[in-house]
Amino acid sequence: MSDPTLATKADDPAHHGSALRTAEDPAGAPAPAVAGSPRKIMALVMVAAVGMYIMSLTLSTALSLRLASIDPASKDATYSTAVSISAFGLLIAAPLAGALSDRTTGRFGRRRPWIAGCLLVALLGCAVIGTVTSAAVVVVAYLVAILGAQVGFNTYAVIPVEGLPEHKRGRVMGVMGMFGALAFSAGSYLASGLVGVPLLMMTVPVLLAIAFSLPLLFLYKDPVKFRGELPPLDVKAIARTFVVNPRRHPDFAWVWLSRLLAGIAMTAMFSYFVYFMMDGLHMPIAEAGANAGTLSLISAPVSMLFFTGSGWLADKTGRRKPLVAIAAVLMALALVIGATSTTFAQFTVAWVVFAVGQATYLTTDLALCAAVLPDARDTGKDMAVFGLALNIPNILVPAAAPTVLALGAGHNYRLLWFGAAALCLLGSITVTFVKGAR
């Protein structure tokens, strides 16, 4: 069983002084503490969250609208191909980049160079998507863009885990999620409002991520780490650790599996809700794009409330498993309501219920993961492995969706979303097997 105090000790001066106090290198030379105060780190992380979430929650919607414009007849299959290929690439790139960032040394720290570099790569890929009309080129460019965006986001997400004490993480991640809800609303309006200007539709989300991350990039200082404290740079060893041994770390494995199953539900909803409005509710592309913005506006205050409320409740009670389970049940219920909707009003109800479940889930399951990380020295790599639980569904769902949707009379969103709901319910059960955290 993994030690749930590992992550806490990494942030506690009494347990791991090299992280938060004045340290000495192996030669005995003093080094200044550079981690910064928790309040400063919290502020920097929250400001960056606005842009990071706009980018991460908008690009897939922007891609779906872009493909619907340039390849309307084959939009489902092309979109599924783009998402599947990029998600497969993330299976390799995300853990590798996380492990390399753990081992990065230099005057700019471990995390900041990766965040800045990856955001620039994402911007380049999105610029190509916004200027070409070839579906094949769009697929390749999306692979580049999403690799940069997701690796940059994953690296950013390590900072509150390694830079803050455990009793502050839940509320900070809740506020990050609240900003994410606002960002999703803003991003959806950006995407729908800029459909006619594809270059801006694709690049503005990344430009906002860069702009809001500038304070973090300039002011955040990594905790002091000397080469002797860092894991060795052994490529073979890194490759072996891409998969955390579930027998040695069962708690991490159960939390990961629960997130994978919930991630299938999230991917099924967010990847295909625009196309459901087009094909299931018979809306033209402009109306579907506008309604995507309306849905995000309606759900934003709900998400804000539950992101912050669930984080506060998790920290106050010290209990995260029940909240994760309840959240999974709510997402499953929302998928059933959405699948049986015949009007936009009915689908709006499903969307709001899903927003409640997703906000609660993402806040509390991330805090639960932080409590059961296998090794505090490999936080970046382990958090990237945990992030794969949301990336793998981006392979599985788009790979299966075209076949599932084609069954019967076609556009079979009921079967797609019913199946995702069943898996999400299973995820609410698997999290109860975690023993090292409440």
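Okay, so let's go over this structure. Small disclaimer: the values here were computed from a predicted structure and weren't measured. (Residues numbered from 1 in each chain as written. Predicted model: local features only at pLDDT ≥ 70, side-chain atom pairs only at ≥ 80, totals over all residues. Heavy atoms only, no water.)

1. A word on the overall build of the protein
Thinking step 1. When helices and strands are tallied, the protein shows 16 helices and 2 strands.
Thinking step 2. Scored against the burial criterion, the 438 residues of the protein give a buried share of 57%.
Thinking step 3. Put simply, of all contacts in the protein between residues at least 6 apart along the chain, 83% involve residues at least 24 apart.
Thinking step 4. For the protein, the accessible area works out to roughly 16,800 Å², and carbon and sulfur atoms hold 70% of it. (Helix = DSSP H or I, 4+ residues; strand = E, 2+ residues; numbered from the N terminus. Buried < 20%, exposed > 50% of the residue type's maximum accessible area, 1.4 Å probe, protein only. Contact = heavy atoms within 4.5 Å. Areas by Shrake-Rupley, 256 points an atom, 1.4 Å probe, with all protein chains shown as cover.)

2. Brief notes about the nonpolar core
Thinking step 1. Y156, Y272, F273, F347, Y361 and W417 are the most contacted members of the largest nonpolar core, which has 106 residues in total.
Thinking step 2. No other element matches helix α10 (residues 250-279), which puts 17 residues into this core.
Thinking step 3. Setting aside chain neighbours within four positions, we find Y156 in contact with V45, A48, A49, M52, I115, M176 and L216. (Core = buried A, V, L, I, M, F, W, Y, C linked by side-chain atoms within 4.5 Å.)

3. Topic: the pattern of salt bridges
Thinking step 1. Applying the stated rule across the entire model yields 2 salt bridges.
Thinking step 2. R259 is paired through a salt bridge with D365; the nearest N and O atoms lie 2.8 Å apart. Taken together, the residues R259 in helix α10 and D365 in helix α13 (residues 344-371) connect sequence positions 106 residues apart. This pair shows no difference in class: R259 is buried, exactly as D365 is. (Salt bridge = Lys/Arg side-chain N within 4 Å of Asp/Glu carboxyl O.)

4. Here we look at the side chain of S64
Thinking step 1. Of note, S64 is situated in helix α3 (residues 38-70).
Thinking step 2. Within the structure, S64 has its side chain in polar contact with the backbone oxygen of T61 (distance 2.7 Å).
Thinking step 3. Every residue in contact with S64, bar those within four places of it in the chain, is listed here: Y79, V274 and Y275. (Polar contact = N/O pair within 3.5 Å; in protein donor to acceptor, adjacent residues only side chain to side chain.)

5. Things to note about a nonpolar patch on the surface
Thinking step 1. Side chains of L423, L426, I429 and F433 sit close together on the surface and give an oily, nonpolar patch of about 330 Å² of accessible area.
Thinking step 2. Structurally, F433 is set in the segment after α16 (413-430).
Thinking step 3. We classify F433 as partly exposed; its relative accessible area is 39%. (Patch = residues over 30% accessible without salt bridge, like charges linked within 9 Å, V, L, I, M, F, W, Y side chains within 5 Å.)

6. What about α16?
Thinking step 1. Helix length check: α16 (18 residues) gives 26 Å between terminal C-alpha atoms against 26 Å at 1.5 Å per residue, within 8%.
Thinking step 2. Every buried residue of α16 is listed here: Y413, L416, W417, A420, A421, C424, G427, S428 and T430. (Expected span 1.5 Å × (residues − 1).)

7. Remarks on the packing of aromatic side chains
Thinking step 1. With the rule as written, the count across this model stands at 14 aromatic pairs.
Thinking step 2. Seen in terms of ring centroids, F273 and W351 are 4.6 Å apart; in terms of plane orientation they differ by 45°. Their pairing is tilted. Remark: W351 occurs in helix α13 and F273 occurs in helix α10; sequence separation between them is 78 residues.
Thinking step 3. With a relative accessible area of 0%, F273 lands in the buried category.
Thinking step 4. Between the aromatic rings of F276 and Y413, the centroid separation amounts to 5.4 Å while the plane-to-plane angle is 85°, which identifies the pairing as edge-to-face. Of this pair, F276 sits in helix α10 while Y413 sits in helix α16, placing them 137 residues apart in sequence.
Thinking step 5. Clustering of aromatic rings is evident, with ring pairs tying together F270, F273, F276, F347, W351, F354, Y413 and W417.
Thinking step 6. Over the ring of Y275 we find K75; its NZ or CZ atom is 5.3 Å from the centre of that ring. (Phe/Tyr/Trp six-rings, centres within 6.5 Å; stacked < 30°, edge-to-face > 60°. Lys NZ or Arg CZ within 6 Å of the ring centre and 35° of its normal.)

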